[in-house]
Amino acid sequence: MSINFRILRLALVSVFAAQLIVACNFIQSRENLQNCKFTFEGLEVQNYSLSRLDLRVKVGVENPNASEVVVDRLDFKLFISDREVADGKRDTKDTIPAGEKQIIDLDVSTTPGKLGMTALSALVALGDVDYRLEGTVHLDTIVGSIPYPIELQGNLKEDLEAAEQEEEAAPQ
């Protein structure tokens, strides 16, 4: 065998091994993200006026995996009383350590007109209003972005009351 053939064969084996490692990491990252539990943790009215309403949606990400999970981006749409009221994107990279839970804040702005007066009144008072958050979590890899869809829905008042009860029951 000539030296050039050996070098070519070694290069091809190296490329194949590198692709195999990338594929394994890709599969593991995707699996880790799928194992995470996404929860609605709260909604805060940051600011409101006659022309604009600024909200902060709090999304919990619980990572039950033995390794960290990275959320590179999160695109989302917020629905209040079955009306799409806002959409947004969080471009900040979040790392959730193994076995831990982290809160991701999604800041969004909307208008009173998009909400409707009934939903606006209930939302400002953090009252009895149904919500739904549809989103796509993106995990960036060297072979591209992996999208993972999430959907959170419930009743704002009920969920906030349940969160308060959990907080009170938690040992201090």
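The present account deals with the structure reproduced in this document.

Cut-offs applied
- Residues numbered from 1 in each chain as written.
- Predicted model: local features only at pLDDT ≥ 70, side-chain atom pairs only at ≥ 80, totals over all residues.
- Heavy atoms only, no water.
- Helix = DSSP H or I, 4+ residues; strand = E, 2+ residues; numbered from the N terminus.
- Buried < 20%, exposed > 50% of the residue type's maximum accessible area, 1.4 Å probe, protein only.
- Polar contact = N/O pair within 3.5 Å; in protein donor to acceptor, adjacent residues only side chain to side chain.
- Contact = heavy atoms within 4.5 Å.
- Pairing = 2+ DSSP bridges.
- Axes fitted to C-alpha atoms, helices over the stretch in contact; angles between N-to-C directions.

**Points about the environment of Val 69**
- Looking at where Val 69 falls in the secondary structure, it is placed in strand S3 (residues 69–71).
- Exposure remark for Val 69: the relative accessible area of 3% places this residue in the buried category.
- Measuring from C-alpha to C-alpha, the distance between Val 69 and Cys 36 comes to 8.4 Å, with 33 residues separating the pair along the chain.

**Some details on the side chain of Thr 110**
- The topology assignment puts Thr 110 in strand S7 (residues 101–110).
- Judged by relative accessible area, Thr 110 falls into the buried class, the value being 5%.
- Among the polar contacts listed, one links the side chain of Thr 110 to the backbone oxygen of Val 85, at a separation of 2.5 Å.
- Look past the residues within four positions of Thr 110 in its chain and what remains in contact with it is Ser 51, Arg 52, Leu 53, Val 85, Ala 86 and Leu 115.

**Focus on the sheet that holds strand S4 (residues 73–80)**
- Reading across the sheet, the 4 strands line up as S5-S4-S8-S9 and stay open at both edges, with antiparallel pairing between neighbours. Since the sheet does not close on itself, it has two edges, and those belong to strand S5 (83–90) and strand S9 (144–155), each with one partner. Between one strand axis and the next, the sheet turns by 15 degrees as a mean value, whatever way the strands run.
- One ladder, built from 7 bridges, connects S4 with S5; its direction is antiparallel. Counted as the bridge partner of Lys 77 is Asp 87 from S5.

Geometric values such as these leave the question of function open.
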